[in-house]
Each structure stands twice: as C-alpha cells, then as structure tokens.
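One letter stands for each residue in the lines below.
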Amino acid sequence: MCGIIGYTGHRPAIPAIVEGLRRLEYRGYDSAGVAYEEAQGLQVIRAEGKLGALDQKIAGLDTASSVCGIGHTRWATHGLPVERNAHPHMDGDCRFALVHNGIIENYAELKAELMAEGNVFHSETDTEVLVHIIAKGVDLTGDVRRGISWALSRIDGAYAFALLSREHPGKIWASRKASPLLMGIGTGENFLASDIPAFLPYTREVVFLDNGELVEIDAGSWQVFDAASLEPKAKEVRHISWDVQAAQKDGYKHFMLKEIFEQPKVIRDCLAGRIQKGRVVLPELDALEVPGRLTIVACGTSYHAGLWAKYLLESWARIPVQVEIASEFRYRDSVFLPGDLVLTISQSGETADTLAAIRIAREAGVPILGLCNVVGSSIARESDAVVYTQAGPEISVASTKAMCSQMVLLLLMTLTWGVRKGSLPDGALQRCLEDLPKLPEALERELPAIRDKARTLSQEYSDARSFFFLGRGQNFPMALEGALKLKEISYIHAEGYAAGEMKHGPIALIDPHFPTFAMALGDELLQKVASNLQEVQARGGRIIALVNPGAAPVVEDPWVLPDVWGPLKSFLVLPAVQLFAYEMAVYLGKDVDQPRNLAKSVTVE
Ligand code: AGP
C-alpha cells in the first residue's frame, strides 16, 4: 500500500505535495519522491527512508515557480526500498513521470517485451514498466489519453497512478483499478490522491473514482472517461466533513478496526499474481530445496500463524515441522539436521528475538526463508529467500491483517511443496485454487455480522476477569491468538488451550465467573471438542462457541459462522476472535491502537 498525490493549480506545488505525502505516510514510508514541472522539463527528486530525507533533498532546490507535480510515499512490494526503486519513475526519454500504488501482475512479461524493443530499466519495480508501456502507447496512438487507454488494455493487476507529461504542462492524467484514487476539487486548483487526508486542508469537495476510469485534470478543469472506450463519464462531487485523523482511518474509529476490515483486500493482494493458470506461483521458493524438516521461528501472533501452518505442512506436504518461540529457540542448544530449513515469520521484520534466531541458524549453516511484511527489513535482508505478505503497513499494535496474510502465504507454500512432493490429498490443490479467490467476497459479506455479534457478546461477558480459549487442530493456534488479542487490548486475562488438555488440570479453574470461548467448527474434531465443552458446562462454565450451521454443540452462546471448506474456516474464525477482543476493549474504554506496555515492533529482547 503506497500513497500517491498530484497537484495542479495556482500555488507552489511541492509544499502542497510534500505536506500531502506527510498525511499519507500511514500508507507506507520506506521511501518517497516527487516530480514537478520546470522550464527544463520534468524534475524528479527521490529519497530512501521517511519523508524527512526527501524534505532535506528538496530544501536546497528552487521549486517555488512550479505549480504542477506528483508525489509518492512507498510501501515496497517489488524491489528493495532504496532510492532507485522509489517513485516517481520515468520513461527512457524522460517525457513522462509516474507514481503508482498497486501491483502490476504481468510486469515481468511486459518488461521483457519492452527491453527487447530497446528500453532500459533502472529499477526492479513493476511501476517503471507501467510508465514505459504508457510511453509506448502514446507513441503508437499519438495522444496521451489514447496512449494510456491502450497501455491499460495490456495491464493485469491493481493500480492507481498519476502521470505528468513534459509536453503538457499543468496537466495530470490518472487512472485506477482495485487501488484507491480520488480527486479533490478546488478553486483554480485540483488534486489527485490515494486518500482524502492528502488534500483535506485545501478542499472538502471530493470525486471518488471507480475502477476503469481515466481522469484528466488541470488547474481549472477535470474530466473523467471510461478508460477503455474513452467515453466521458459524469461524476458526483461529494462534500467531506471528516477531520484528517478520521480520514487516515478511512472513517473507522481505530486503525485496528480498519485493518481487520482490510483483510479481504489483503487476501486479494496476497493472491495477486500467485495463482496463475491453475497453479501456485511462488518463485521465491524456486531456489530452495523442499525441506527435509522445517523449523518455524517467530513471536506472538506470527508464532500462532506458524503453529496454524504446521498442521497443513505435515498433513499435505508431509514435511516434519517444529514451531519455536524465538526467545526460547535462541537460547537453546538446538540440534540441526541435514535438509533443515528455518522459516522465520515476522510482520515487522525487526523483532529482536526472531532476528537472533536467524543468526543462530545461519551459524549452523541452515538455509533461512523469511515471511515478512516489510520489504527490506532486517529479517528480510538476513534471509536467503523471502516471501512478502503485501499486507500494507499495519499501524495498530495488535496484529490482525498480518496474520491473515501470513496464513495465506503459508497455505500457498504448503501447496507449492506438496505439489513438488506429490503428497497433496486428492482435490486439495483444486479446492484451494477454487475457494481461496472466493474468500475475500465471503469475508466482505460476513464481517459486519461478525462485528455485530462480537459487540453483543463482548458486552455480555465484559465482567469476566479471565477467559479460556479452547480449540483442537488448527483451532488450537486460533485459540492462542484469540487469547492474545483479548489480553493485549482489553487487559482481561485469557488462556489459549488445546481443548483436550483441559482435563489435565486447567478445568479446575472453571466456574460461572471463568467463561470459555471455544472453536467448535464443523470439522473432524467437532465431537471431541463438544465433549470437552460438556465437561466445562458440567462445572457451571459459561461458553461462547464459534460453530457452523447444523453442526453446533449446545452451549449458552453459539456464534454461528458460515461454513467454508477445510482450513479456510480459519479465515472466518480469525476476524471473529479479533473483533471480540476489539469490541471488548472499546466497551471497556481501553486504548485500542496503543495498548499499555506494548510496542508495535519488539526490537529489544
Ligand atoms: C500481536 O498482536 C502482537 N502485537 C505481537 O505478539 C507481535 O505479533 C509479535 O511481537 C511479533 O511481531 P512481528 O510479527 O513483527 O515479528
């Protein structure tokens, strides 16, 4: 997720653009850049790191006379967060400058085509391919608008971009598909941006662009076209009453809630380009042998994602898996075997214990695969291969969408290795390839009802001082995650437990004031879980149980989730436990996004 902005009007463009990027930094902040018009043509300034670095570069330049430009703050998906990969990118003749948010799925084949035609590339980004293919389109059609339309007919993937043309001062072109883009309509000035905060101080008159629309703006006018037919389109101008903070949360009350509701998009982004022609495409694994044994090392929520994956990796890919808490692993005198692979999972890519674990494996000569959300993070850089979750920045301390993205990628890894070993259960690959792409829509449909139920139940149980979270199989890691979420944002004590383990002592704690949150989904372990819940009820324990229709044990508070196939059930369980914790914390008046004592990235031991 990146932030883009464009300005054309009467005021100096660069200060307005940089200020707008500052308000979009929550969308990504590993590098930034601007392009603006000046007498000699288009000028591009870029810098690695946060906006301050770009500010410093611009400070020494005379940009006051430029009244048209574009800007970008980056969350890397393709290519390290270094200056050469920062946006804006230009075509070979520097006739165009472009900023982009999204993922061009077929950028590799387009890049090969363009290189074969003599184009030279200076970055590893998919964005540089986009500006080159647009330049090719303009050459073929003789017109910028038609050239963009032609180029977009060649593109697969998600995009929201803004484009400057050296030959057309004061004009900006833009288009979107699957990534957000909107216009700010001012007096004698117009804006383009990924999100409202970018131009809110200048105008509250907004036009939301839809997929497949192409827009052309200058200081005093704007036009919207259908990107394919170039037919003009009428658009409504809407007045926005939000303040900047509310706008950065997209109108949600907290970043955590926004990130929970981003999970459908996260699944789409994780799958983008990774399911092609009926197969999983994970080139990051190509250079690695299928591991003889996999050691997953992580902390917190990422550790729970690893535990969840263990069940699939062992059952479908027949790979022995041990899942280790990094802070324990780093101080144990572990035994490594030939054929070992260490997989580290980390949203931030900076967790000290996980990083230390990598270095121990490295010393033992074990290859390391990273699963990270931050491109170019320490863990990513110290891994032999890295798969990026492309979940976009996760701002809230409580990790939510990151775990969803980790589970998607871990499932794709399992399928990749299972195919290579020929060990997948009959139909598993086909079913995953069919059902995974349907998940986002199912989740979008169900999330409002899941939230309503979470709000009702959290208020009913807000007097609890402790909770058990119980599950079996892949619902055991989900139980651990549910307990962690509730603890870390509502400060209610909670224990995640394997349901079958209750009778080995913990059940002594059960009484009417010690409720249980159970995962009793319609899988092969349901009857076992149901009998565990009877033991809890026999001791007066109250129970909330996540259940599927027609397969629900009798409990005080059944929480019905629609049934989805096999391991994909977990993608509905996850938001349920996240929203239960969220609504409880809100009801109890806690600081949801910055809980006490916690940091987003634990970069110390
Ligand atoms: C999750 O809600 C917590 N904030 C925490 O457990 C987190 O998952 C853990 O610190 C690991 O972080 P990482 O994924 O960035 O390595």
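Up top you'll find the structure we're talking about.
No experiment lies behind these values; they were computed from the predicted model shown.

Quick word on the overall build of the protein
Okay, so step 1: Each helix and strand in the protein was counted, giving 18 helices and 26 strands.
Okay, so step 2: Radius of gyration (C-alpha) of the protein: 25 Å, near the 25 Å computed for a compact globule of 605 residues.
Okay, so step 3: Looking at the protein residue by residue over its 605 residues, the buried ones come to 60%.
Okay, so step 4: Taking contacts inside the protein between residues at least 6 apart in sequence as the whole, the part at least 24 apart equals 71%.
Okay, so step 5: For the protein, the accessible area works out to roughly 22,500 Å², and carbon and sulfur atoms hold 50% of it.
Okay, so step 6: One way to put it: in the protein the 60 positive side-chain charges average out to a point 2 Å from where the 75 negative ones average out.

Details of the site of the ligand
Okay, so step 1: The environment of the ligand is formed by 15 residues, the closest being Ser302, Ser346, Ser348, Thr351 and Glu488.
Okay, so step 2: Here an oxygen atom of the ligand sits 2.5 Å away from a polar atom, N or O, in the side chain of threonine 351.
Okay, so step 3: Out of a free accessible area of 410 Å², the ligand has 91% covered by protein chains.
Okay, so step 4: A class-by-class count of the residues in the shell around the ligand yields five nonpolar, eight polar and two charged.

Observations concerning the side chain of arginine 95
Okay, so step 1: By secondary structure assignment, the location of arginine 95 is in the loop between strand 5 (89-90) and strand 6 (96-104).
Okay, so step 2: For arginine 95, the contacting residues outside a window of four places in its chain are Leu42, Ala135, Asp139, Leu164, Ser165, Arg166 and Glu167.

Considering the sheet that holds strand 18 (residues 321-325)
Okay, so step 1: Judged by pairing direction, the sheet is parallel, and its five strands sit side by side in the order 18-17-19-20-21 without closing on themselves. Pairing within the sheet leaves two strands with one partner each, and these edge strands are strand 18 and strand 21 (385-388). Ignoring strand direction, the axes of neighbouring strands in this sheet form an average angle of 20 degrees.
Okay, so step 2: As paired elements, strand 19 (residues 340-346) and strand 20 (residues 368-372) share five bridges and run parallel to each other. Looking at strand 20, one finds that serine 346 is bridged to cysteine 372.
Okay, so step 3: Packed on one face of the sheet, helix 11 (residues 352-363) meets strand 17 (293-298), strand 19 and strand 20 and runs near 165 degrees to strand 19.

Considerations on the nonpolar core
Okay, so step 1: Membership of the largest hydrophobic core comes to 91 residues, with the highest contact counts inside it found for Phe467 and Trp559.
Okay, so step 2: With residues up to four places along the chain from it excluded, the contact list for tryptophan 559 reads Ile450, Lys453, Ala454, Leu457, Phe517, Ile544, Ala545, Leu546, Val547, Ala576 and Phe580.
Okay, so step 3: Ile5, Ala47, Ala193 and Ile240 belong to the second largest nonpolar core, which has 28 residues in total.

Considerations on the sheet that holds strand 11 (residues 205-208)
Okay, so step 1: Spatially, 3-2-4-1-10-9-11-14 is the arrangement adopted by the eight strands of the open sheet, whose pairing is antiparallel. Whereas interior strands pair on both sides, the edge strands pair on one side only; in this sheet they are strand 3 (41-48) and strand 14 (238-239).
Okay, so step 2: Strand contacts of helix 1 (residues 13-23): strand 1 (3-8), strand 2 (31-38) and strand 4 (68-74), with the helix running at about 25 degrees to strand 4, the strand carrying the most contacts.

Things to note about helix 14 (residues 428-435)
Okay, so step 1: Taken together, the buried positions of helix 14 are occupied by Ala428, Cys432, Leu433 and Asp435.
Okay, so step 2: At its buried positions, helix 14 is contacted by strand 15 (275-276), strand 16 (279-280), helix 9 (300-316), helix 13 (401-421) and helix 15 (439-460).

A few points about the packing of aromatic side chains
Okay, so step 1: Following the criterion strictly, the structure yields 16 aromatic pairs and no others.
Okay, so step 2: Here the aromatic cluster, defined as three or more aromatic residues joined through ring pairs, consists of Tyr461, Phe467, Phe469, Phe517, Trp559 and Phe580.
Okay, so step 3: The aromatic ring of tyrosine 461 is capped on one face by arginine 542, whose charged end is 4.1 Å from the ring centroid.

A short note on unusual backbone geometry
Okay, so step 1: In this chain, histidine 87 is followed by proline 88 through a cis amide linkage whose omega measures 5 degrees.
Okay, so step 2: Relative to the helices and strands, proline 88 is located in the loop between strand 4 and strand 5.
Okay, so step 3: Backbone geometry at leucine 230 places phi at a positive 65 degrees, although glycine is not the residue there.
Okay, so step 4: Looking at where leucine 230 falls in the secondary structure, it is placed in the loop between strand 13 (221-226) and strand 14.
Okay, so step 5: Overall, leucine 230 belongs to the buried group, its relative accessible area being 17%.

What counts, and where the lines are drawn
Residues numbered from 1 in each chain as written. Predicted model: local features only at pLDDT ≥ 70, side-chain atom pairs only at ≥ 80, totals over all residues. Heavy atoms only, no water. Helix = DSSP H or I, 4+ residues; strand = E, 2+ residues; numbered from the N terminus. Rg over C-alpha atoms; globule rule 2.2 N^0.38 Å. Buried < 20%, exposed > 50% of the residue type's maximum accessible area, 1.4 Å probe, protein only. Contact = heavy atoms within 4.5 Å. Areas by Shrake-Rupley, 256 points an atom, 1.4 Å probe, with all protein chains shown as cover. Lys, Arg positive; Asp, Glu negative; His and termini not counted. Charge placed at Lys NZ, Arg CZ, Asp CG, Glu CD. Near = heavy atom within 4 Å. Polar contact = N/O pair within 3.5 Å; in protein donor to acceptor, adjacent residues only side chain to side chain. Nonpolar A, V, L, I, M, F, W, Y, C, P; charged D, E, K, R; others polar. Pairing = 2+ DSSP bridges. Axes fitted to C-alpha atoms, helices over the stretch in contact; angles between N-to-C directions. Core = buried A, V, L, I, M, F, W, Y, C linked by side-chain atoms within 4.5 Å. Phe/Tyr/Trp six-rings, centres within 6.5 Å; stacked < 30°, edge-to-face > 60°. Lys NZ or Arg CZ within 6 Å of the ring centre and 35° of its normal.

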